[in-house]
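# Report on the structure
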Amino acid sequence: MISNNSIAKKDDEKSLLAYNRISFFTILSLIDYMPSSSASSSTKPPVILVDASSYLFRAFHALPPLINSKGQATGAIYGVINMMKKLLDQYQPTYLAMIFDAKGKTFRSEIYPEYKAHRPPMPDELRSQIEPLHNMIKSMGVPLIAEMGVEADDVIGTLATSLGEKGYEVLISTGDKDLTQLVTKHITLINTMNQQFMTPESVEEKFGVRPDQIIDYLALVGDTSDNVPGVPKVGPKTASRWLQQYQTLDNLLQNAEQIKGKVGENLRNNLEQLAISKDLVTIRHQLDLPETLDDLKLGSAQTEQLIDYCKILEFKSWLKELSSSSSIAGTNNTNSNSQTTHTTDEKFSNHPEIDRSQYEIVLDENSFNQWLECIRSAKISAFDTETTDLDAMKARLVGLSLCVEAGKACYIPLAHQYLDAPEQLDKQWVLQQLKPWLESSEHRKVGQNLKYDMKVLANEGISLNGIYEDTMLESYVVNSIIGRHDMNSLALRHLNHVCISFEDVAGKGKKQLRFDEIALEQAGPYAAEDADITLRLHHVLQPLVEEHASIQKLYRTIEMPLVPLLAQIERNGVLIDANALGLQSQQIGKRLTELEREAYEIAGKEFNLGSPKQLQQILFEELGIPVIKKTPKGQPSTAEEVLHELALDYPLPKLLLEYRSLSKLKSTYTDKLPLQINPATGRVHTSYHQAITATGRLSSSDPNLQNIPIRTEEGRRIRHAFIAPQGYKLIAADYSQVELRIMAHLSQDEGLLTAFSKGEDVHTATAAEVFDIPPEEVSTEQRRHAKAINFGLIYGMSAFGLAKQLGIQRDEAQHYIHRYFARYPGVEAYMENIKIQAREQGFVETLMGRRLYLPQINARNGLHRQAAERTAINAPMQGTAADIIKLAMLNIDNWIKQEKLPLKVIMQVHDELVFEVPESQANELAEQIKTKMSQAVELSVPLIVEAGIGDNWQEAH
């Protein structure tokens, strides 16, 4: 399948949550068009009563946090709606109600003041989601019930019992075992955790008692989650055994004197408590509720309101489904996409509606010349390319889109070749006419991810200049953590507009068309919209960039100048020894076979080493290895960190770690890298991404050069395959301990400043301070510990984490940390001050003014807050390190151009730059590179650069 570059620019992000997607349109259709006769059908769906409060807490605690661009928590809303949608899709009910606990105390608190009293107050992050969740549910036409003074269980009990007695089939969706007391032949429970059905038979199988005995069972056992006391020392087995023998709690109490031992004494001593417990766990099912069956009927969805809520909460995929399936947003690609809905967010109110019918498809010279005059006279023009491939090195140009003002955009097709395609302008003639404008630095251009377009035009012999603005980078420097910075996300976030997706015009899967195969009726509006949206976004984002001088400077002096440089580095590529990788791949394959055989011998049977389920059975059931961690679903974990811990005592986990490591190397690098060699250049060309990481560091893909391991022999062998051409050498220049040096500068700690200024080995110096010994007496082990402390603390590592890394006791690790801070008090002061600063202003900054926002820094959830505090400590160092190497790259690029040096930058990996140089000049250029990189910025301590020369990357490293 070959697709278009606009996928990367426009397509919506995938959900962070691992729920199955159910189309909103499907749900709305079910609600609006459910046959009215279904209630009387012999195959009628059940009446579904949802314990929505259990949904709410499950979604909040079990799922990763989800936050919109305004810092509003939305994860619980997303999770509850998703679970509700699954029920709607699966059962297609006529009747369904979401039943919540109401605010305030209930009658149970009057019976027993300690009832649920131990529970902490609801977190603000959850409380803030309740009202918008209720609004969304109501807008979907789903009945919502919350009765004051009682619990959701009582409402469910009353409705379920009443309906069940009338012969209706009732399905209760809950994770609460208390509701099993309601189960009858007409009332079934479905557990939200494992989707298990609870019938009278399965209740008895699970608890050892019938549903009608559950109340007595719960009274005996108690419930710690609700603070229901129960009888001390009476567990599930004892309770079920007593009820099997005596049938009811009353009968048991009449025979209490026959119960021997301590447990019988406890029973007799807690008779009054038992009566209270029974009252607390008994679900009321005779409430005087205003709701009837008709009130549980699904109603018509209020689509406009749903769209508004999805915009505000930034549920982009749902919004896209709603907009594309309703007449409100419009789906005709060639007609107006008029937005008639209102929104509560005032920032959208000044944006004109986007009318795609005004876009022009340029097919004749007269129209083209008019557009050429427009872009020549415009102050700034938006520009975009349409191609045949995401890989710019392989892509063929299909067409160009232009925009000079909002709504005035065109598409110039050049190479559409489907059946009956209209005649198009000659590609070479168009490029010849456009080349002076494209290569002019005087004509300002704005694009979305212009680096891609630069590379595509370079394939056509055109050097794109005047790239003054890039909306992706504008968004990124304003707020790097706000979400994705692709066009779809930005258009939705800033313009309240849902773009045409590539799949809308090209289809998907195996039948997906290349862009040159798409009819102009669909391709034209899609492509012209790219340019139109880009220009509109720029007008919104530019003021945000200019709002803060430091951000504007970062954008103008680092990020934008880096675009053409990264494009050039990507085009330079790196030479790969495919034969060496092929040999290594064969050898790894042989070793993997040996490891499989050894694993079978240890396990006593053959199994799939890549299957977590089979590993769980082999490791923890058959071999009896202790379970040290479980997955969120309660299964024994076989994660890498678990295997590392088990590998200290057991041979199979150690073997599995080697197997996983080698398998990943083989599939990701030794097998794949040779296939990524461009046939035209004979080189591998990675793609660098500026707008992915929160801290400003570059990332790379296809291939990912950042993750090639260097601590293993096989990982280092891969670097041997990155080679210099004949007559050339590779230079690898790497910043030494750059983040520690930045910490010394930021903290102004005298100890660190002295150590770095004197050129001392900072890890040895730290070991000498922490262990209170002369530097010359520091052992290798002590230096290793000091290194872990130095790097661990700047990443916010706790005593627990340090102890785990060093294999020592927690109190010993805590002692090391205390000694470290005693010797380097400036570091501790910096860490405390930066956390205070982050709490006050909501963000931290690098030395160059790059901001990292921390929406969780004041969260009531301790884990979220502590994670934000660790980020506050580390982000200024990581971000400053990222800025430093970017500045170094720009300085070196200017030096290369000014001196016209035979020097190419071919890779950037973390704090390292890799160059390709003529062998005769390698030594001289290596020294100059070290000097240039060390002068990128001026810190309170020297920046040290280490450089090596070799025939391959590993040799030069």
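As shown above, the structure is provided for reference.
Heads up: these notes are all about the structure in this document. Note that the structure is a prediction, hence the values are computed from the model and not measured. (Residues numbered from 1 in each chain as written. Predicted model: local features only at pLDDT ≥ 70, side-chain atom pairs only at ≥ 80, totals over all residues. Heavy atoms only, no water.)

## As for the packing of helix 20 (residues 487-495) against helix 22 (residues 520-546)
Where helix 20 contacts helix 22, the axes come no closer than 10 Å and their chain directions differ by 55°. Looking at the two axes, helix 20 sits oblique to helix 22. Along this stretch, helix 20 crosses helix 22, giving a crossing that reads as left-handed. Taking contact as the criterion, the partners of Met487, Leu490, Ala491, His494 and Leu495 in helix 20 are, on helix 22, Asp530, Ile533, Thr534, Arg536, Leu537, Val540, Leu541 and Leu544. Its residues assigned to classes, the contact of helix 20 with helix 22 shows 9 nonpolar, 2 polar and 2 charged. (Axes fitted to C-alpha atoms, helices over the stretch in contact; angles between N-to-C directions. Helix = DSSP H or I, 4+ residues; strand = E, 2+ residues; numbered from the N terminus. Parallel < 35°, antiparallel > 145°, perpendicular 65-115°, else oblique. Left-handed = near helix turned anticlockwise from the far one by under 90°. Contact = heavy atoms within 4.5 Å. Nonpolar A, V, L, I, M, F, W, Y, C, P; charged D, E, K, R; others polar.)

## A look at the sheet that holds strand 2 (residues 96-99)
The strand order across the open sheet built from 6 strands is 3-2-1-4-5-6, with neighbouring strands paired in mixed fashion. Either end of the sheet is taken by a strand with one partner, and the two such strands are strand 3 (144-145) and strand 6 (197-198). (Pairing = 2+ DSSP bridges.)

## With respect to the pattern of salt bridges
Evaluated as defined, the whole model comprises 40 salt bridges. In the salt-bridge network here, residues are joined through shared partners; they are Arg396, Arg514, Asp516 and Glu517. (Salt bridge = Lys/Arg side-chain N within 4 Å of Asp/Glu carboxyl O.)

## Here's the deal with the packing of aromatic side chains
Each pair of aromatic rings is reported with the distance of its centres and the angle of its planes. This model, assessed by the stated rule, comprises 16 aromatic pairs. Where Tyr820 meets Tyr824, the ring centres are 4.9 Å apart and the plane angle is 55°; that geometry is what we call tilted. Note on accessibility: Tyr820 and Tyr824 belong to one class, buried. Here the aromatic cluster, defined as three or more aromatic residues joined through ring pairs, consists of Tyr411, Phe502, Phe515 and Tyr526. It is Lys206 that lies over the ring of Phe207; its NZ or CZ is 5.7 Å from the centre. Just above the ring of Trp953 sits the side chain of Arg719; from NZ or CZ to the centre is 3.9 Å. (Phe/Tyr/Trp six-rings, centres within 6.5 Å; stacked < 30°, edge-to-face > 60°. Buried < 20%, exposed > 50% of the residue type's maximum accessible area, 1.4 Å probe, protein only. Lys NZ or Arg CZ within 6 Å of the ring centre and 35° of its normal.)

## Things to note about the packing of helix 24 (residues 578-603) against helix 27 (residues 651-670)
Where helix 24 contacts helix 27, the two axes come as close as 9 Å, and the packing angle between them is 155°. On the basis of their axis angle, the class for helix 24 and helix 27 is roughly antiparallel. Note that helix 24 runs across helix 27; the crossing there is left-handed. Contact with helix 24, carried on its side by Leu581, Gln584, Ser585, Ile588, Gly589, Arg591, Leu592, Leu595, Glu596, Glu598, Ala599 and Ile602, involves Pro651, Leu652, Leu655, Glu658, Tyr659, Leu662, Ser663, Leu665, Lys666 and Thr670 of helix 27 and no other residues of that element. Among the residues forming the contact of helix 24 with helix 27, the class breakdown is 12 nonpolar, 5 polar and 5 charged.

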